[in-house]
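Below are the chains, spelled out letter by letter.
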Amino acid sequence: MKFYIATDHAGFALKSYVIDLLETRGHEVVDLGPGDDFRVDYPDFAKKCALKVVEDDGSFGILICGTGIGISVSANKVSGIRAALCHDAYTASMSRAHNDANILCFGERVVGKGVIESMIDAFCDTSFEGGRHKDRVNKIEGCQTGKID
Ligand code: RB5
């Protein structure tokens, strides 16, 4: 799998750990920054990653901030992005199986390295189930129109 990864300053300390984890498992990883832990704004890095995932068909993203909230909310503003804020292997697996998530988000201040490893494995090892879930996922983009179907 190909992953784009980005963080803010509050997720920066985990970035190299996650890159190593992914590369050890044979995945391709593109680091979109930041290059240090100076204070930055999470929407800037969420947008950078989300746009790459949308333009590079079949790729995935990983976004990390302090809680995972700001960076996931921001990424989900980009059309075509389904960024899932996960807390454990179950939510990471379900984000793929039912929501066809294309970006995995989590918070450096929330989850430890063992949980992160299990989330990444669950995310990578689970495929979208399609079927009735596909109909629901198709409706996600419709939420942006503001119209009730
Ligand atoms: C930065 O202090 C923090 O607000 C940010 O990383 C994130 O947790 C926001 O949702």
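Figured I'd write up the structure that's included with this text. Small disclaimer: the values here were computed from a predicted structure and weren't measured.

### Regarding the pairing of strand S5 (residues 103-107)
Most of S5 sits out of view: five of its five residues are buried. In S5, alternate side chains face the same way, and those of Ile103, Cys105 and Gly107 on one face and Leu104 and Phe106 on the other are all buried. Where strand S3 (residues 60-65) and S5 come together, five bridges link them in parallel fashion. Its bridge partner lying in S5, isoleucine 64 is registered against phenylalanine 106. Sheet topology note: the strand S4 (residues 83-85)/S5 ladder contains three bridges and is parallel. Its bridge partner being in S5, leucine 85 is matched across the sheet by cysteine 105.

### Some details on the environment of lysine 48
Residue placement: lysine 48 occurs in helix H2 (residues 42-55). Distance from lysine 48 to alanine 101, taken between C-alpha atoms, is 17 Å for residues 53 residues apart in sequence.

### So, the packing of helix H1 (residues 12-24) against helix H5 (residues 113-125)
The geometry of a pair of packed helices is captured by two quantities: the angle between their axes and the separation between those axes. Relative orientation of the contacting elements H1 and H5 amounts to 40°, with a least axis distance of 11 Å. When the axes of H1 and H5 are compared, the pair comes out oblique. Judged by the twist between their axes, the crossing of H1 over H5 is right-handed. In contact with Leu14, Tyr17, Val18, Leu21 and Leu22 of H1, H5 contributes Lys113, Ile116, Glu117 and Ile120. Taken together, the residues of the contact of H1 with H5 break down into seven nonpolar, no polar and two charged.

### A few points about the packing of aromatic side chains
In the structure shown here, the tally under the stated rule is three aromatic pairs. Residues phenylalanine 3 and phenylalanine 123 carry aromatic rings whose centres are separated by 6.5 Å and whose planes lie at 50° to one another, so their mutual orientation is tilted. With a gap of 120 residues between them, phenylalanine 3 in strand S1 (residues 2-7) and phenylalanine 123 in helix H5 connect regions that are remote in the sequence. Of the two residues examined, phenylalanine 3 and phenylalanine 123, each falls in the buried class. Linked through ring pairs, Phe3, Phe60 and Phe123 together constitute an aromatic cluster. Lying over the aromatic face of phenylalanine 123, arginine 96 brings its terminal NZ or CZ to 5.8 Å of the ring centre. In this structure, lysine 113 packs its charged tip against the face of tyrosine 17, placed 4.9 Å from the ring centre.

Rules behind the numbers
- Residues numbered from 1 in each chain as written.
- Predicted model: local features only at pLDDT ≥ 70, side-chain atom pairs only at ≥ 80, totals over all residues.
- Heavy atoms only, no water.
- Buried < 20%, exposed > 50% of the residue type's maximum accessible area, 1.4 Å probe, protein only.
- Helix = DSSP H or I, 4+ residues; strand = E, 2+ residues; numbered from the N terminus.
- Pairing = 2+ DSSP bridges.
- Axes fitted to C-alpha atoms, helices over the stretch in contact; angles between N-to-C directions.
- Parallel < 35°, antiparallel > 145°, perpendicular 65-115°, else oblique.
- Left-handed = near helix turned anticlockwise from the far one by under 90°.
- Contact = heavy atoms within 4.5 Å.
- Nonpolar A, V, L, I, M, F, W, Y, C, P; charged D, E, K, R; others polar.
- Phe/Tyr/Trp six-rings, centres within 6.5 Å; stacked < 30°, edge-to-face > 60°.
- Lys NZ or Arg CZ within 6 Å of the ring centre and 35° of its normal.

Nothing here speaks to function; it is all geometry.
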